[in-house]
Amino acid sequence: MDELARAVEAALFAAEEPMTAEALAGFLGDAAVGDVREALRSVAADYEKRGILLVERGKRWHFETAPDLAHLLRREKEQVRRLSRAATEVLAIIAYHEPVSRAEIESIRGVQTSGGTLDVLMEAGWVKIAGRREVPGRPTIYATTPDFLEHFGLSSRRDLPGIAELRATGLLDPVEDAYDELVGGDEGEAEGEAESDSGGHA
């Protein structure tokens, strides 16, 4: 392992949070970013078969326990509150269509979205405000964060599972309506339900 790779290893080991190649380059005295990326790949390869791995999540690098050893380190901890159906749907829509506005989320879901739902996702660190849409009214738009990728073990959004994979594993159930809207599968059914609801209120 050359000196730059050793320096990268030491910097990441001491870092309080994951770092990008650019941040590492600056931290190490303005080293060339290309050289730092090569050093990162070298260190990752060196750790490939060890008990800890060097991984990239959302363009940020950090060390983590090898997945096959996680059971040895798992401890009892307080159960994290599960996301509500609404929050799960909103998170899925943002992940697959980001950046999206609240109005676009509501259009896909077919119902209004509470501001509290977006607040919960932002407090969890999985969703962030990504700016404003350059249209009349300049609505706020939302996107996922690197923490979202890290929590779900994704290197990038390209690793998100497809609809067929979700259906096969049964993970689609909590967000089935939202995904059906995304692929246009239930447009007719949704319109029929809307007409029925309108008739009931008349």
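Let us look at the structure shown here.

Procedures and definitions
Residues numbered from 1 in each chain as written. Predicted model: local features only at pLDDT ≥ 70, side-chain atom pairs only at ≥ 80, totals over all residues. Heavy atoms only, no water. Helix = DSSP H or I, 4+ residues; strand = E, 2+ residues; numbered from the N terminus. Expected span 1.5 Å × (residues − 1). Buried < 20%, exposed > 50% of the residue type's maximum accessible area, 1.4 Å probe, protein only. Axes fitted to C-alpha atoms, helices over the stretch in contact; angles between N-to-C directions. Parallel < 35°, antiparallel > 145°, perpendicular 65-115°, else oblique. Left-handed = near helix turned anticlockwise from the far one by under 90°. Contact = heavy atoms within 4.5 Å. Pairing = 2+ DSSP bridges.

A word on helix H5 (residues 85-97). Its 13 residues give H5 an end-to-end C-alpha distance of 18 Å, which sits within 8% of 18 Å, the value for a rise of 1.5 Å per residue. Where H5 is concerned, the buried positions are Ala 87, Glu 89, Val 90, Leu 91, Ala 92, Ile 93, Ile 94 and Ala 95.

When two helices pack together, their arrangement is given by the angle between the helix axes and by the axis-to-axis distance. Contact geometry of H5 with helix H6 (residues 102-109) gives a least axis separation of 10 Å together with a crossing angle of 110 degrees. Our classification of the angle between H5 and H6 gives roughly perpendicular. Seen along the crossing, H5 lies across H6 with a hand that is right-handed. Together, Ala 86, Glu 89, Val 90, Ile 93 and Ile 94 of H5 and Ile 105, Ile 108 and Arg 109 of H6 make up the contact between the two elements.

Looking now at the sheet that holds strand S1 (residues 19-20). Two modes of strand pairing occur in sheets, parallel and antiparallel, and in both the strands are linked by backbone hydrogen bonds. Strand order in this open sheet of three strands is S1-S3-S2, and the pairing throughout is antiparallel. Sheet topology places S1 and strand S2 (52-57) at the edges, where each strand pairs with a single neighbour. With six bridges connecting them, S2 and strand S3 (residues 60-65) associate as antiparallel partners. Opposite Glu 56, over in S3, you have Trp 61 as the bridge partner. Strands in contact with helix H1 (residues 3-14) are S1, S2 and S3; relative to S3, the strand with the most contacts, it is inclined by about 70 degrees.

Below, the discussion takes up the sheet that holds strand S6 (residues 140-144). Read from one edge of the open sheet, three strands run S4-S6-S5, paired in antiparallel fashion. Two strands bound the open sheet, and with one partner strand each, they are strand S4 (100-101) and strand S5 (127-132). Pairing geometry for S5 and S6, over five bridges, is antiparallel. Directly across from Lys 128, in S6, lies its bridge partner Ala 143. Its contacts with the sheet place H5 against S4, S5 and S6, and it is angled at close to 90 degrees to S6. On the sheet, helix H7 (residues 115-123) packs against S5 and S6 and is oriented at approximately 115 degrees with respect to S5.

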